[in-house]
Amino acid sequence: MTITGEGSHSASRWWCCTLKAPNHHQLARDSRKRTRHRTTHKRRGSAMKRTKTAATTTTTRSEGTVVPSILELPPTDSCSHTSFNYKFYRYQYLRPVAILYIALAVILANVSAFEPDFVYPLENVTVAKGRDATFTCVVNNLGGYRVSGEATPARVAWIKADAKAILAIHEHVITNNGRLSVTHNDYNTWTLVIRNVKMEDRGVYMCQVNTDPMKMQTAFLEVVIPPDIIYEETSGDMMVPEGGSAKLICKARGYPKPKIVWRREDGREIIARNGTHGKMKATIVEGEMLSLTKVTRSEMGAYMCIASNGVPPSVSKRLKLQVHFHPLIQVPNQLVGAPLGTDVTLICNVEASPKAINYWQRENGEMIISNERYLMNENESSMYAVQMTLVIRKLHKSDMGGYKCISKNSIGDAEGTIRLYEMELQKKTKSAHRVNSVEDTSGNDEINSTPNIDQSDESNKIHKNGRLYKGLQAGEHDLISSSTSDASVRVGRVNLWPLVVGALALALTHGNTPRVRC
């Protein structure tokens, strides 16, 4: 039996499924269902062609899953949906692909949420030339990150930014520089070490991670150099005449550029003179050149040039300024008196530059040579001032007279004169005792009419007021005979009027003319 017509295909299916006589009502229902299914399939086919995909997906936002729409369940009537089941099983291979796609999306979402990032900023480094410099870069989440389109993980690279030169990648040094090294602590820290830093190492350094987009940090390496005096361009010791001008120059190298200041070694003020502002005094003067005008002998001495730039240590150079002038002699005491047998000291103060030759002479031109009786000494009080001393021991009669202190240098000479005279203190004391004995034994009213003076009191007042010299004792004689210069000066200034009065009284008593030597 052959079934033809519109329902032949459905009838065939129906027969193969039921093996029963056809039911017209059932056939009509099946026909309507087939029509609806055909329309649905046509619509689905058109959508698939427009999107050029094998299946469309619908996403359920609440659950976060993706389900292909073609996997929807067919109607419960399996006998009437044979063609649909065929298409369903045709696309059933997409199920594992969809699952893998979903898992990959989740993994990528998790990885993208933990991209590499820097924990600490890269710090600038300042180091002195010849020392070692270190940069430290700390990166988290670098191990599991993969660069898009590449199978290798992200890596850390060191780059000198201003020169655009790659120094190292990960732990491998790229540049041909043996002073560079890179270390990694197997976790998240990369360290770049530059040994024996030079000036050409100065610049910007970059720690870079090859993510997409690239991430980086930069820091600056500052190379400093301690100051150093340039001796070829710096002045040395200088000599100028008094009243002249001097320019002291001091040059220094270093980075940053050193600052130059001037000081005097003895701490005294520096005197700067100019035409408009007159004289200016300062303990510290800044600048590479120190200009001194109308120089005086008081400005002679050592000057310190000090260079500093904030990088230890500071350096300095000592410059000595010599001011030349002819000798000048000052005599504190030009007239000195002392008794015979005592020690006396003669003093001359000399100023001269350059250093002078100093010596002593007698007034007759005889040069005095140092021996056991004559002791000569020189004591320097400054660079140009000297005190000359001549000590004459056990003064003799022949030592009385004039003495000259002479000073000579390459510019000129000068001399000072001192006169030494004898003081006969012992003889005057014996004469005073004779006057006292005559006054006690004589009955002359004229002599007794002299002012009443207690002799015992007078003998006890020796040297208290510098006027009475009766009853000189041994200890007091030693005091007068002192070898110090101060004692000599005191003896030379004794008031001689009481001695003259005593000598006159003695002459009136014995009728002799006394010899008074002052």
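Residues numbered from 1 in each chain as written. Predicted model: local features only at pLDDT ≥ 70, side-chain atom pairs only at ≥ 80, totals over all residues. Heavy atoms only, no water.

1. Here we look at the sheet that holds strand 25 (residues 357-362)
Note the cut-off: Here, a strand pair is defined by DSSP locating no fewer than two bridges between the strands. Only DSSP runs of H or I covering at least 4 residues are called helices, and only runs of E covering at least 2 are called strands; the numbering of each starts at the N terminus. In this analysis an axis means a line fitted to C-alpha atoms, helices contributing only their contacting stretch, and an angle means the value between N-to-C directions, from 0 to 180 degrees.
Taking strand neighbours across the sheet as the criterion, the 4 strands line up as 23-29-28-25 in an open arrangement whose pairing is mixed. Strands at the two margins of the open sheet, each flanked by one partner only, are strand 23 (335-338) and strand 25. Neighbouring strand axes in the sheet, compared pairwise and without regard to direction, differ in orientation by 25° on average. Pairing of strand 25 with strand 28 (residues 401-408) involves 6 bridges; the strand directions are antiparallel. Among the inter-strand pairings, Gln-361 is bridged to a residue of strand 28, identified as Lys-404.

2. Brief notes about the state of the cysteines
Selection rule: Note that a disulfide, as used here, is simply two cysteine sulfur atoms within 2.5 Å.
Enumeration over the complete set of coordinates arrives at 3 disulfides. Ordering the disulfide-forming cysteines of the protein by sequence position, one finds them joined as 1-2, 3-4, 5-6.

3. Points about the pairing of strand 7 (residues 165-169)
Consecutive side chains along a regular strand alternate between the two faces of the sheet. In this structure, strand 6 (residues 156-160) lies alongside strand 7, joined through 4 bridges in antiparallel fashion. Counterpart to Trp-158 in the pairing with strand 7 is Ala-168. Counted between consecutive antiparallel strands, the loop separating strand 6 from strand 7 contains 4 residues, among which Lys-164 sits at a positive phi close to 55°. Here strand 7 pairs with strand 8 (residues 172-173) via 2 bridges, running antiparallel. Following the sheet pairing, Ile-169 is matched in strand 8 by His-172.

4. Structural notes on the nonpolar core
The test is simple: Among the buried residues, those of types Ala, Val, Leu, Ile, Met, Phe, Trp, Tyr and Cys that are joined through side-chain atoms within 4.5 Å form a nonpolar core. Three exposure classes are used, based on accessible area relative to the maximum for each residue type with a 1.4 Å probe and protein chains only: buried under 20%, partly exposed in between, and exposed over 50%. Whether two residues touch is decided by their heavy atoms; if any such pair falls within 4.5 Å, the residues are in contact.
Core analysis: the largest hydrophobic core is formed by 26 residues, its most contacted members being Phe-135, Val-139, Trp-158, Leu-192 and Leu-221. Of all elements in the fold, only strand 4 (125-128), strand 5 (133-140), strand 6, strand 7, strand 9 (180-184), strand 10 (189-194), strand 11 (203-209) and strand 12 (215-229) reach the threshold of two or more residues within this core. In terms of residue count, the dominant contributor to this core is strand 5 (4 residues). Each residue touching Leu-221, except ones within four places of it in the same chain, is listed here: Val-125, Val-127, Ala-133, Phe-135, Ile-194, Asp-201, Arg-202, Gly-203 and Tyr-205.

5. Notes on a nonpolar patch on the surface
For the record, the criterion: The patches described consist of residues with a relative accessible area above 30% and no salt bridge, like charges being joined within 9 Å and nonpolar side chains (Val, Leu, Ile, Met, Phe, Trp, Tyr) within 5 Å. Accessible surface area values rest on a Shrake-Rupley calculation with a 1.4 Å probe, where residue burial reflects the displayed protein chains alone. Whenever Lys or Arg places a side-chain nitrogen within 4 Å of a carboxyl oxygen from Asp or Glu, that contact is recorded as a salt bridge.
A cluster of nonpolar residues, Ile-166, Ile-169 and Ile-174, forms a patch on the protein surface that exposes about 250 Å² of accessible area. On the secondary structure map, Ile-169 appears in strand 7. The class for Ile-169 is partly exposed, based on a relative accessible area of 34%.

6. Quick look at the environment of Glu-378
Put simply, the rule reads: Pairing of N or O atoms within 3.5 Å defines a polar contact, subject to two protein rules: one partner must be a possible hydrogen donor and the other a possible acceptor, and residues neighboring in sequence count only if both atoms are side-chain atoms.
With respect to the helices, strands and loops of the structure, Glu-378 is situated in strand 26 (residues 374-380). Note on Glu-378: relative accessible area 37%, which makes it partly exposed. Glu-378 sits 30 residues away from Cys-348 along the chain, and the two C-alpha atoms are 9.7 Å apart. If we skip the residues at most four places from it in the chain, Glu-378 touches Asn-358, Val-386, Gln-387 and Met-388. At 3.4 Å, the side chain of Glu-378 forms a polar contact with the side chain of Asn-358.

7. A short note on the packing of aromatic side chains
Our working rule: Here a pair means two rings of Phe, Tyr or Trp (six-membered ring of Trp) with centres within 6.5 Å. Their orientation is stacked below 30 degrees between planes, edge-to-face above 60, and tilted elsewhere. Think of it as a cone above the ring: NZ of Lys or CZ of Arg counts as a charge over the ring if it is within 6 Å of the ring centre and within 35 degrees of the ring normal.
This model, assessed by the stated rule, comprises 2 aromatic pairs. A cation over an aromatic ring shows up here: Arg-297 above the ring of Phe-325, its NZ or CZ 3.7 Å from the ring centre. The residue whose ring lies beneath Arg-373 is Tyr-374, and the NZ or CZ to ring-centre distance is 5.3 Å.

8. A few points about the sheet that holds strand 9
On the basis of which strands lie adjacent, the open sheet formed by 4 strands has the order 3-5-10-9 and antiparallel pairing. Looking at strand neighbours, the two that pair on one side only are strand 3 (117-118) and strand 9, the edges of this open sheet. In this structure, strand 9 lies alongside strand 10, joined through 5 bridges in antiparallel fashion. Note that in strand 10 the partner of Ser-181 across the bridge is Val-193.

9. Remarks on the pattern of salt bridges
Counted by the stated rule, this structure contains 15 salt bridges. The shortest N-O distance in the salt bridge between Arg-318 and Glu-265 comes to 2.9 Å. You can see Arg-318 sitting in strand 22 (residues 315-330) and its partner Glu-265 sitting in the loop between strand 16 (259-264) and strand 17 (270-274), a full 53 residues away along the chain. According to the relative accessible area criterion, Arg-318 is partly exposed, its value standing at 45%. With a closest N to O distance of 3.2 Å, Glu-363 and Arg-419 form a salt bridge. Of this pair, Glu-363 sits in the loop between strand 25 and strand 26 while Arg-419 sits in strand 29 (residues 413-422); the two residues are 56 residues apart in sequence, bridging distant segments of the chain. On the basis of relative accessible area, Arg-419 is assigned to the partly exposed category, the value being 42%. One connected set of salt bridges, linked through shared partners, spans Glu-242, Arg-297 and Glu-351.

10. Quick notes on the confidence of the model for the protein
We count it as follows: The pLDDT value tells you how sure the predictor is about a given residue, anywhere from 0 up to 100.
Model confidence for the protein is summarised by a mean pLDDT of 74, while 62% of its residues fall at 70 or above. This model gives residues 1-21 a pLDDT under 50, and the stretch forms 20 contacts once residues within four places in sequence are excluded. Long-range and interchain partners of residues 509-518, a stretch whose pLDDT sits below 50, account for 12 contacts in this model, where long-range means more than four residues apart.

11. With respect to the pairing of strand 11
Of all the 7 residues making up strand 11, 6 are buried; the element is thus mostly covered by neighbouring parts of the structure. As paired elements, strand 6 and strand 11 share 5 bridges and run antiparallel to each other. Along strand 11, the bridge assignment pairs Ile-159 with Met-206. The sheet contact formed by strand 11 and strand 12 spans 7 bridges and is antiparallel. If you follow Gly-203 over to strand 12, its bridge partner there is Leu-221. With antiparallel pairing between neighbouring strands as the criterion, strand 11 and strand 12 make up a hairpin whose turn holds 5 residues.

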